[in-house]
Number of protein chains: 2
Amino acid sequence: MARLVEIHDAADERLADYRDLRDVTLRRSIEAEHGLFLAEGEKVVRRAVQAGHPVRSFLMAPRWLDSLADVLEATDAPCFVVDERLAEAVTGFHVHRGALASMHRTPLPDVDEVLDGARTVVVLEDIVDHTNVGAVLRTCAALGVDAVLLSPRCADPLYRRAVKVAMGAVFSVPWTRVPEWYDALLDLEQRGFTTVALTLADDAVPLEDVVAGLDRVALVLGTEGHGISPRWQATAAHRAVIPMQPGVDSLNVGAAAAIACYVVTQRG
Amino acid sequence: MARLVEIHDAADERLADYRDLRDVTLRRSIEAEHGLFLAEGEKVVRRAVQAGHPVRSFLMAPRWLDSLADVLEATDAPCFVVDERLAEAVTGFHVHRGALASMHRTPLPDVDEVLDGARTVVVLEDIVDHTNVGAVLRTCAALGVDAVLLSPRCADPLYRRAVKVAMGAVFSVPWTRVPEWYDALLDLEQRGFTTVALTLADDAVPLEDVVAGLDRVALVLGTEGHGISPRWQATAAHRAVIPMQPGVDSLNVGAAAAIACYVVTQRG
């Protein structure tokens, strides 16, 4: 059973994990230094714990204790019980969803492990926006993508905002980072995946035609601004496109990813 | 040619249209009272002007004058030239995209006019988030949806944030509000559209199967939280679903709209 610890002083050292959650730069350094990430909201906290991440501590107002009773029951971590004003003073914003938890990061799995048995994989190249990474993970979970690989420069899926946008999908879809960017797509081909890069290149073929009948597919997505790097465009087995109206701007990355994941997961 | 007017005082009355752009409540009342909306960024300003909205004024730093020279050439409205610090003091944020314009709203077109010749229509029910409305409009423009109808409670597509997220698609896709909510779908059926509501209802059929072979289709989308109202679910000709993994959360509204628009616009 978690130890309930009432705290009345916003400066209390034990609340260090929860400081200034809106300060991205500060949070990156705190989270890297201590190997932690934050889960926010009853549902996400529950999923993070169920996924096996060890809990460093919880932080919540008294009224959230009941709904997380089973989660608190199953751990020895401290649960800091504070009023909502104090929670706001520490975190820097009104915690709408009530409960927070500080969790230990665990080592990322190997690519081998993540790809084991996978038929449909999504590969993200340099998507640096946490919201977009979270949104793509949520889409992948909903549509049944088997695994997600991230290039080294992609935003951290365990950053609070990504976890929140993903609605906890970051704990259900197997994902990891590829250790090396340059030959990542060639490596996937060697593992038996047909790599299909979504681009706006002139020679791109409609995605639906490209993936029809393929067995193992790795769908490669980049940012809407820069698209996919020349290296990855050159090393992908296919360059595919979502057919669009002439003269309009491209789809945003969330919309393009959703359509592409749908087409790939529904392929014959 | 627009009259260039240098302004050095953030309190200058002539800047009233540009005050406190982040204060949603204030902006709603200012914009309703004066029948105006704001366009932000060179591309969006240009599209708003091209769409025929009369310009009340422009606001920009000197370095943006050149790139909008042709637009300024074609109007008699004043162009307030300010330095970037003053722009920030007036608007309440750093105007990354440089140029702003205050535009007159024009009367919304009739439903008849918007539907004229349309084969694929999207109907939004009570999507109150400006970002989501903008994102759906952008998707509709990219995929070739012919028209968009909004229920009376949907967020304003001409609100600055919606216009920005839509990348100006609000000026290219024909759209209007339905005058009346209760019988809106029955009215569409009478106009020859098959209404297809995207839901998570138990009796829903995969969207791809529902729309195959249909001529005129009105795809009905609601919010992810509440879905579509019982009235609209009951009056839609079909209830359709995007096939998802069991036990996962639904797609977010932007992702669901993107997939649904893709499926409907690609129907045989």
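Residues numbered from 1 in each chain as written. Chains lettered and ligands numbered in written order. Predicted model: local features only at pLDDT ≥ 70, side-chain atom pairs only at ≥ 80, totals over all residues. Heavy atoms only, no water.

1. Re the UniProt feature "domain: MRM3-like substrate binding" (unreviewed entry) in chain A
The sites that carry the UniProt feature "domain: MRM3-like substrate binding" (unreviewed entry) are, in the present numbering, residues 33–91 of chain A. Secondary structure across residues 33–91 of chain A divides into 41% helix and 25% strand, with the first and last C-alpha atoms of the span separated by 18 Å. (UniProt positions renumbered as here; feature names shortened; annotations may be inferred. Helix = DSSP H or I, 4+ residues; strand = E, 2+ residues; numbered from the N terminus.)

2. Looking at helix H4 (residues 84–91) of chain A
Residue and element names in this part refer to chain A. By the burial criterion, the buried members of H4 are Leu86, Ala87, Val90 and Thr91. Summarising the axial view, the buried residues of H4 lie within an arc of 120°, below the 170-degree limit, and thus occupy one face. Along H4, the residues that are exposed and aim more than 90 degrees away from the buried face are Arg85 and Ala89. Where the residues of H4 are buried, they touch strand S3 (55–60) and strand S5 (100–104). (Buried < 20%, exposed > 50% of the residue type's maximum accessible area, 1.4 Å probe, protein only. Arc of directions from axis to C-beta. Contact = heavy atoms within 4.5 Å.)

3. Here we look at the domain arrangement of chain A
Residues and elements named next belong to chain A. Here the domain parsing of chain A yields domain 1 (3–104) and domain 2 (111–265). For domain 1 versus domain 2, the distance between C-alpha centres works out to 32 Å. Taken together, the contact pairs 18 residues of domain 1 with 9 residues of domain 2. Summed over both sides, the interface of domain 1 with domain 2 buries roughly 1300 Å², with 60% coming from carbon and sulfur. Of all residues in domain 1, Phe37, Glu40 and Val44 bury the most surface against domain 2, accounting for 32% of the area lost on that side. Our enumeration of links across domain 1 and domain 2 arrives at 2 salt bridges. Between Lys164 and Glu40 there is a salt bridge, with the nearest N and O atoms lying 3.6 Å from each other. Our enumeration of links across domain 1 and domain 2 arrives at 3 residue pairs in polar contact (both at pLDDT 80 or more). Elements supplying a minimum of two residues to the side of domain 1 that touches domain 2: helix H1 (24–34), strand S2 (36–40) and helix H2 (42–50). (Domains from an automatic or database assignment. Buried area = accessible area lost by both parts, 1.4 Å probe. Salt bridge = Lys/Arg side-chain N within 4 Å of Asp/Glu carboxyl O. Polar contact = N/O pair within 3.5 Å; in protein donor to acceptor, adjacent residues only side chain to side chain.)

4. Looking at the sheet that holds strand S8 (residues 175–177) of chain A
Residue and element names in this part refer to chain A. One open sheet accounts for 7 strands, arranged S8-S7-S6-S11-S9-S12-S10; its pairing is parallel. Single-partner strands in this sheet number two, and they are S8 and strand S10 (205–206). By the bridge criterion, 3 bridges tie strand S7 (residues 147–150) to S8 in an arrangement that is parallel. Looking across to S8, one finds that Leu150 is bridged to Arg177. Its contacts with the sheet put helix H11 (residues 253–265) on strand S6 (120–124), strand S9 (194–198) and strand S11 (217–221), and the angle it makes with S11 is roughly 170°. (Pairing = 2+ DSSP bridges. Axes fitted to C-alpha atoms, helices over the stretch in contact; angles between N-to-C directions.)

5. Concerning the pairing of strand S12 (residues 238–241) of chain B
One ladder, built from 3 bridges, connects strand S9 (residues 194–198) of chain B with S12 of chain B; its direction is parallel. Across the sheet, residue Ala197 of chain B finds its bridge partner in S12 of chain B, namely Arg239 of chain B.

6. Let's talk about the interface of chain B and chain A
Tallying the contact residues gives 27 residues for chain B and 27 residues for chain A. When chain B packs against chain A, the two sides together hide about 2300 Å² of surface, and 54% of this comes from carbon and sulfur. The largest contributions to the chain B side of the interface with chain A come from Arg138, Asp249 and Tyr262 of chain B, which together make up 28% of the buried area. On inspection of chain B and its partner chain A, the count reaches 0 salt bridges. Between chain B and chain A we count 8 residue pairs in polar contact (both at pLDDT 80 or more) in total. Going through the elements one at a time, helix H2 (42–50), helix H6 (130–143) and helix H11 (253–265) of chain B are the ones with two or more residues in the side of chain B that touches chain A. With 6 residues, the single largest contributor to the side of chain B that touches chain A is H6 of chain B.

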